Amino acid sequence: MLRAVTLVLCANGCASFSMPTSSTVVQHARVTRSHVRPAAVRMEEDTEEFSDSVIAATYSLDNLVLDGPLEPLKDHVLVKLTEVDKQTRGGLFLTSQDSAKPTVGTVVACGPGKPHPHTDVVITMPLKAGDTVLFGEYVGTKVKYCMDDHVMLTLDDVLATVEGDQVKPVRDRLLLKPIAKAVETSTGIVLTSEAAKAQEVPNQGEVIAKGEGRFTASGTIDPIPVEIGEKIMFTKYGGTEIKYKEKKLLFVFAADCLAKYK
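Residues numbered from 1 in each chain as written. Predicted model: local features only at pLDDT ≥ 70, side-chain atom pairs only at ≥ 80, totals over all residues. Heavy atoms only, no water.

Caption draft 1: View of the sheet that holds strand β14 (residues 173–178). With antiparallel pairing, 6 strands are arranged side by side in an open sheet as β19-β20-β14-β15-β18-β21. In this open sheet, the two strands that pair with only one neighbour each are β19 (240–244) and β21 (257–261). Averaged over all neighbouring strand pairs, the angle between strand axes comes to 45 degrees, with direction disregarded. Looking at chain direction, β19 and strand β20 (residues 247–253) are connected through 5 bridges and run antiparallel. Pairing of Glu241 across the sheet is with Leu250, part of β20. (Pairing = 2+ DSSP bridges. Helix = DSSP H or I, 4+ residues; strand = E, 2+ residues; numbered from the N terminus. Axes fitted to C-alpha atoms, helices over the stretch in contact; angles between N-to-C directions.)

If you want it as structure tokens, here you go:
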């Protein structure tokens, strides 16, 4: 008696395998009068016969079947990637090199936090399953979990959470509106192409939103000493820029901020 294995989708989004019912069994033996039995009896016997043959692969990691769900450790976060649009508004399909890398996803699971490096105080995890998060293009470890694309991040990799249309920087992150630099000096001298190119890298911005602050060794929150609307100067290449909903967002750590001005 042969049975085909059928792939089904569980309610939690993970794949599972199950054996088909007796109606799909291919019979190769010759049917005699002794084989003719009521359908209920045949179903009950089939259930007992193949009860140990049912394959239940609820969770998988890179095609490896797991006995249970993946549980991130310390400050690691498992995020299911949001699919990137690979087609332009004009209908052209982008290649894998031209299409943007995913920078948004949904938290599937996260660790409890990690101890502060100088004390035993645990730096708690501010995220939870179901949160929509933003992160950089080149961070984390990509994995195939439950047959879907995921990425394993650390808390420092997460830039912000998204609630509706509101982007909220995580902990000691700032969301900035970049300030364009002048292409000529105050005396009217036009900068050379090399100097102008160097000016393209933003290191100033206006604060649009900020996180609650840095988690200290004693377990308290140290607020970021800048206010919404103030302008700051930060270290060159210290910011992380991503594209979200056709808008460019610039994030910086509070530790990378050098000065502020009105």
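Back to the text.
Caption draft 2: Local environment of unusual backbone geometry. Even without being a glycine, Lys74 presents a positive backbone phi close to 50 degrees. Residue placement: Lys74 occurs in the loop between β4 (64–66) and β5 (76–81). At Met147, a residue that is not glycine, the phi angle is positive and equals roughly 70 degrees.

Caption draft 3: Representation of the packing of aromatic side chains within the structure. One pass over the full model with this rule turns up 0 aromatic pairs. Arg173 extends its terminal NZ or CZ atom over the ring of Phe253, reaching a point 3.7 Å from the ring centre. (Phe/Tyr/Trp six-rings, centres within 6.5 Å; stacked < 30°, edge-to-face > 60°. Lys NZ or Arg CZ within 6 Å of the ring centre and 35° of its normal.)

Caption draft 4: Structural context of the nonpolar core. Counting residues in each nonpolar core, the largest one holds 13 residues, and the members touching the most others are Val79, Leu127, Val133 and Phe135. Counting residues per element, the ones that place at least two in this core are β5, β9 (132–135) and β11 (148–154). Tallying contributions element by element places β5 first for this core, with 3 residues. With residues near it in sequence (within four places) discarded, Val79 still touches Gly105, Thr106, Val107, Val108, Val133, Phe135, Asp149, His150, Val151 and Leu153. Judged by nonpolar contacts, the second largest core, of 12 residues, contains Val104, Val167, Leu175 and Ile242. (Core = buried A, V, L, I, M, F, W, Y, C linked by side-chain atoms within 4.5 Å. Buried < 20%, exposed > 50% of the residue type's maximum accessible area, 1.4 Å probe, protein only. Contact = heavy atoms within 4.5 Å.)

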